[in-house]
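The residues making up each chain are set out below.
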Amino acid sequence: MSHLDDALEYFTHAARIMDVGSNIEKLLTTPVRQLKVEVALKMDDGRVEVFTGYRVQHNSARGPFKGGLRYHPQADDAEVNALASLMTWKTAVVGIPFGGGKGGVAVDPFQLSPGELERLTRRFVDQIHFVIGPSLDIPAPDVNTNSQTMAWIADQYGKYSGGFEPGVVTGKPIQINGSQGREEATGRGVAFCARWALEDLGLPVDGATVAIQGFGNVGSWAARTLGEWGVRLVQVGDHAAYLANPEGFDAEALAAHVAASPERSVKGFPGADASSAEELFAADVDVLIPAALGGVITEQVARSVRAKVMVEGANGPTVPAAHRLLVDKGVTVIPDILANAGGVTVSYFEWVQNTQRYYWEKEEVNQRLERILRKAWDRVMGLGSKHKLDPRTAAFILAIREVGTAASLRGI
Ligand code: GLU
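This section reports on the structure supplied with the text.

Definitions and limits used
- Sequence order as written defines the numbering, with residues in each chain counted from 1.
- Where totals are concerned, whole chains, interfaces and linings use all residues; where local detail is concerned, this predicted model gives features only for residues with pLDDT of at least 70, and gives and counts side-chain atom pairs only at 80 or more.
- The basis for the side-chain values is all heavy atoms of the structure; hydrogens and waters are excluded.
- Geometry of aromatic contacts follows a simple scheme: Phe, Tyr and Trp rings, the Trp one being its six-membered ring, pair when their centres are within 6.5 Å, and the pair is stacked under 30 degrees between planes, edge-to-face over 60, tilted otherwise.
- Here a helix means four or more residues in a row that DSSP labels H or I, a strand means two or more in a row labelled E, and each is numbered from the N terminus.
- Summary of the burial criterion: residues with accessible area below 20% of their type's maximum are buried, those above 50% are exposed, and those between are partly exposed, where the area comes from a 1.4 Å probe applied to protein chains only.
- Placement of a positive charge over a ring is assigned whenever Lys NZ or Arg CZ falls within 6 Å of the ring centre and within 35 degrees of the normal to the ring plane.
- Between Lys or Arg on one side and Asp or Glu on the other, a salt bridge is scored when a side-chain nitrogen of the former is within 4 Å of a carboxyl oxygen of the latter.
- Here, a strand pair is defined by DSSP locating no fewer than two bridges between the strands.

Evaluated as defined, the whole model comprises twelve aromatic pairs. Note on W89 and F396: the rings are 6.3 Å apart at their centroids and 50 degrees apart in plane angle, and the pair reads as tilted. Placement of W89 in helix α3 (residues 77-93) and of F396 in helix α15 (residues 391-410) is noted, with a sequence separation of 307 residues between them. Classification of F396 as buried rests on a relative accessible area of 1%. Pairwise contacts between aromatic rings join F98, Y348, F349, W351 and W360 into one cluster. The ring of W360 carries R368 above its face, with NZ or CZ at 4.5 Å from the centroid. R392 extends its terminal NZ or CZ atom over the ring of Y10, reaching a point 4.2 Å from the ring centre.

Okay, structure coming up:
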């Protein structure tokens, strides 16, 4: 089963409950445009390497295509397609006026020098510039891309569009028209969902425990925000190491360690015990947050989960059979299309600010973010409890309803 099969299965499960009909179902499962390009890159030593890049535009019934761009060796057609469709549902769940898209380059960015990385990004823009734009398709950071990547994209795109247009990408550095609060937004949203789920279960937030897989942008900001509320991070892991600390990690210090490490990993953080992925997923914690790559929560892993709440920081971390198992076990699973929607929500704020040429204070961004996510939370949980649906199915139903209605209104 690929990530695409998984995403389709979640969609179909909800669509059949709603009885949307085969026309709308066909429309909503077919991407509008799929672009695959070969990016030739001159390496520092003079060799030429060629990397495959993708941009998939899934749906724009509710607004311009929107979604991240990842640099990862496993990026391929199926993965980017699945992730593009998740963006369509995500933007609809939180009610921001965007569709869904996703891009990627099949590359291990840790093998490239900073110069090579910049040239790769610019060459990729040369290949896709005609399908992106502030009213057309707006990329953003995702796995292994960041504000610097977005700065290069905006700059290179400006060479084609007749001037620097900040609204072509979001997640830019503040100095070049980025938004306050964008960097931490996805992790903050994940933390909000963890807090609300604990509160709904009647469990205390202060003193709760959490295990987080992935300590990049999403995992580290989720940990730091939860830490402010007294939640203890007791297990953490990434591509290079798994660590445990029953007393709780200092999330700020751990984030500083990762930022300074050449491997961008928690590896070598002092004062921790060695752990493993198996131990992290099976940890006796209140909250489990997969915040790395997709497909990690398999049936076998799901069987071992002891957390009461699982919040999907990553996109597509849970395979459908594992999701059923977790729901049957009574684990509250907050799905990616709600849990990690904080990032794209503040991307929307960034794009609005770019359009208005007027910039907001961080407090305003954070307040608006919480308000939008809380509203989406209430709608998803309200529908779920009314019809006895798990949160993922409820979120898909809400999203499909919004996108289906927009598509019908605009006409096929
Ligand atoms: N890559 C993030 C996501 O998967 C953010 C996308 C965006 O801001 O457009 O939601």
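This brings us to the pattern of salt bridges. Counted according to the given criterion, the structure contains 26 salt bridges. Within the structure, one salt-bridge network assembled from shared partners comprises R70, E79, K102 and D142.

Among the twelve residues of strand β2 (residues 48-59), nine are classified as buried, and the element is accordingly described as predominantly covered. Bridge count between strand β1 (residues 33-42) and β2: ten bridges; the pairing is antiparallel. Each residue of the ladder has a partner; that of Q34, found in β2, is V56. What sits between the antiparallel neighbours β1 and β2 is a turn of five residues, in which G46 has the positive phi angle 95 degrees. With six bridges connecting them, β2 and strand β4 (residues 100-105) associate as antiparallel partners. Bridging from a neighbouring strand, N59 pairs with G100 of β4.

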